[in-house]
Amino acid sequence: MSLFSFLFFFLLLTHTLFTPSSALSSSPTTPVQTLDINPQYYNPKLPPRTLSSSKKFEGSSNLVNLRYHMGPVLSSPINIYLIWYGKWTPTQQLLIKDFLLSISTSNHRAAPSPSVSDWWQTVSLYTDQTGANISRSVLIAGEYSDRLYSHGTDLTRLSIQQVIASAVRSKPFPVDHKNGIYLILTSEDVTVQDFCRAVCGFHYFTFPSMVGYTLPYAWVGNSGKQCPEVCAYPFAIPGYMAGGGASALSPPNSDVGVDGMISVIGHELAELSSNPLVNAWYAGEDPTAPTEIGDLCEGLYGTGGGGGYIGQVMRDKAGRSYNLKGRRGRKFLVQWIWSPVLKACAGPNALD
């Protein structure tokens, strides 16, 4: 789903994802960062403390009608089949794989709290009609690289399915109906239908006429050279925000495009797991344009978030912003997810 719905509120309400609030400290050694580079100041447009006074402020609403439509969720161990389309560096690939593998890294010595695994725990609260929860086991079951751009550098939604078909035939990937999901990642020089204009990523399922099977999949593009201010926000800001007082945050792994992808990947995986065939968990009456568990929390990354403010996140000694920790000492900035228990957006880095 796209980030444009969230950015649209900026134009209506004259505030943005990076409105600062007062600084809070989560611990003596881990500074908590607002989007203000000088956190001792707060934007008078926002009350300095009241946004974090309620546990349910972050995106909560009694008007949200998220319903279960009786379809399946991914309750069996989830096997991710990665398709790298275009040119990727080993460093970029390792960063994305570390995020994916961190989902199942529940050992807090390997990935201290607030961890990616803690974040996925909210996703795992969703169940199917038998009461089975979304699996907390997420593995990379296979990889396929298409460095020759076999379907060109300008893809449509249908040609993305052709990329999957090529991978299934060429790897060959198994046709994993029970546990498999396919994650297509396009490099920064690949344009995709609606990319940067309406979407930063999306998920759906393949058509048997295209791939031969019905397989759930997600696509996410690297926006680093095309639209970082849209799809890698808040690591880049729109031009119309320049001079407005807010600055882009420093990405936790020093790669604006890929660090921006991480949150979109998390968003799409959460929705793909809870609505793989577009007939399970979503709000609204139109399954062709559902509002899903990631959409409800777009732009929220920490306590106090809402009304155009991303919430309070952390900053390491190098000034890089994050809200989750992963395996091998990794840090990530990932949006929150709608909790079916709290009826609000939730994340493990919450301060209250």
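Conventions we followed
Residues numbered from 1 in each chain as written. Predicted model: local features only at pLDDT ≥ 70, side-chain atom pairs only at ≥ 80, totals over all residues. Heavy atoms only, no water. Helix = DSSP H or I, 4+ residues; strand = E, 2+ residues; numbered from the N terminus. Buried < 20%, exposed > 50% of the residue type's maximum accessible area, 1.4 Å probe, protein only. Contact = heavy atoms within 4.5 Å. Areas by Shrake-Rupley, 256 points an atom, 1.4 Å probe, with all protein chains shown as cover. Axes fitted to C-alpha atoms, helices over the stretch in contact; angles between N-to-C directions. Left-handed = near helix turned anticlockwise from the far one by under 90°. Nonpolar A, V, L, I, M, F, W, Y, C, P; charged D, E, K, R; others polar. Salt bridge = Lys/Arg side-chain N within 4 Å of Asp/Glu carboxyl O. Pairing = 2+ DSSP bridges. Expected span 1.5 Å × (residues − 1). Polar contact = N/O pair within 3.5 Å; in protein donor to acceptor, adjacent residues only side chain to side chain. Disulfide = S-S within 2.5 Å. Core = buried A, V, L, I, M, F, W, Y, C linked by side-chain atoms within 4.5 Å.

Draft legend 1. Structural detail: the overall build of the protein. The helix and strand tally for the protein stands at seven helices and 16 strands. Across the 352 residues of the protein, 56% fall into the buried class. Restricting the contact set of the protein to residue pairs at least 6 apart, pairs at least 24 apart contribute 74%. Taken as a whole, the protein presents about 14400 Å² of accessible surface, with 55% of it coming from carbon and sulfur.

Draft legend 2. The arrangement of the packing of helix H3 (residues 116-123) against helix H7 (residues 256-274) in detail. Where H3 contacts H7, the two axes come as close as 10 Å, and the packing angle between them is 35 degrees. For the element pair H3 and H7, the recorded crossing hand is right-handed. From H3, Trp 119, Trp 120 and Val 123 reach across to H7, where they touch Gly 266, Leu 269, Ala 270 and Ser 273. Looking at side-chain class alone, the contact of H3 with H7 contains five nonpolar, two polar and no charged residues.

Draft legend 3. Summary view of the pattern of salt bridges. Taken as a whole, this structure holds eight salt bridges when the rule is applied. We note a salt bridge from Asp 98 to Arg 328, for which the minimum N-O separation is 2.7 Å. Of the two residues, Asp 98 is situated in helix H2 (residues 90-102) and Arg 328 in the loop between strand E13 (324-325) and strand E14 (331-332); the sequence distance between them amounts to 230 residues. By relative accessible area, Asp 98 is classed as buried at 0%.

Draft legend 4. Focus on the sheet that holds strand E8 (residues 201-205). The five strands are arranged E4-E3-E6-E9-E8 in an open sheet whose pairing can be described as mixed. With partners counted over all chains shown, the strands left at the sheet margins are strand E4 (138-146) and E8, one partner each. Averaged over all pairs of adjacent strands, the angle between strand axes in this sheet comes to 20 degrees, irrespective of strand direction. Pairing between E8 and strand E9 (residues 216-221): five bridges, direction antiparallel. Bridge assignment links Phe 202 to a residue of E9, and that residue is Trp 219.

Draft legend 5. Inspection of the packing of H2 against H7 at higher detail. Two elements in contact, H2 and H7, have axes separated by 10 Å at closest approach and are oriented at 35 degrees. Seen from above, H2 lies across H7 with right-handed handedness. Within the contact between the two elements, H2 uses Gln 92, Leu 95, Ile 96, Phe 99 and Leu 100 and H7 uses Val 258, Asp 259, Met 261, Ile 262, Ile 265, Gly 266 and Leu 269. Split into classes, the residues belonging to the contact of H2 with H7 amount to nine nonpolar, two polar and one charged.

Draft legend 6. A look at the environment of Ser 106. Examined against the element boundaries, Ser 106 turns out to sit in the loop between H2 and H3. Sequence spacing of Ser 106 and Ser 117 is 11 residues, and the spatial spacing of their C-alpha atoms is 5.6 Å.

Draft legend 7. Spotlight on the environment of Tyr 282. Relative to the helices and strands, Tyr 282 resides in strand E10 (residues 281-283). Spatially, the C-alpha atom of Tyr 282 lies 9.8 Å from that of Gly 294, the residues being 12 residues apart in sequence. Once residues within four sequence positions are removed from consideration, Tyr 282 is found in contact with Asn 65, Leu 66, Arg 67, His 69, Asn 275, Pro 287, Pro 290, Thr 291 and Glu 292.

Draft legend 8. Just H7, in detail. Relative to the 27 Å expected for 19 residues at 1.5 Å per residue, H7 spans 28 Å between its end C-alpha atoms, a close match to the ideal helical length. Of the residues flanking the start of H7, the one acting as N-cap is Asp 255, its side-chain oxygen 3.2 Å from the backbone nitrogen of Gly 257.

Draft legend 9. Structural context of unusual backbone geometry. For the bond from Ser 113 to Pro 114, the omega torsion is -5 degrees, close enough to zero to count as cis. For Pro 114, the location among the structural elements is in the loop between H2 and H3. Residue Met 70 is not a glycine yet carries a positive backbone phi of 80 degrees. Summarising the element assignment, Met 70 is placed in the loop between strand E2 (66-68) and strand E3 (78-85).

Draft legend 10. The side chain of Asp 316, seen in detail. On the secondary structure map, Asp 316 appears in the loop between strand E11 (313-315) and strand E12 (321-322). Overall, Asp 316 belongs to the buried group, its relative accessible area being 15%. Only 2.9 Å separates the side chain of Asp 316 from the backbone nitrogen of Ala 318, close enough to count as a polar contact. Within the structure, Asp 316 has its side chain in polar contact with the backbone nitrogen of Arg 320 (distance 2.8 Å). Ignoring anything within four residues of it in the chain, the contact list for Asp 316 reads Tyr 322 and Lys 331.

Draft legend 11. Spotlight on the state of the cysteines. Under the counting rule described, the total for this entry stands at three disulfides. The disulfide that involves Cys 200 links it to Cys 231, with 2.0 Å between the sulfurs. The disulfide joining Cys 200 to Cys 231 has a torsion of about -80 degrees about its S-S bond and is therefore left-handed. Of the two residues, Cys 200 sits in the loop between strand E7 (191-192) and E8 while Cys 231 sits in helix H6 (residues 228-231), which places them 31 residues apart along the sequence.

Draft legend 12. Geometry of the nonpolar core. Ranked by size, the top nonpolar core spans 76 residues in total, and within it Ile 80, Ile 96, Leu 100, Trp 120, Leu 185 and Ile 265 carry the most contacts. Considering each element in turn, this core owes the most residues, eight residues, to H7. Excluding its chain neighbours within four sequence positions, the residues that come into contact with Leu 100 are Ile 80, Leu 82, Val 138, Ile 140, Leu 183, Ile 265 and Leu 269.

Honestly, it's all geometry; don't read function into it.
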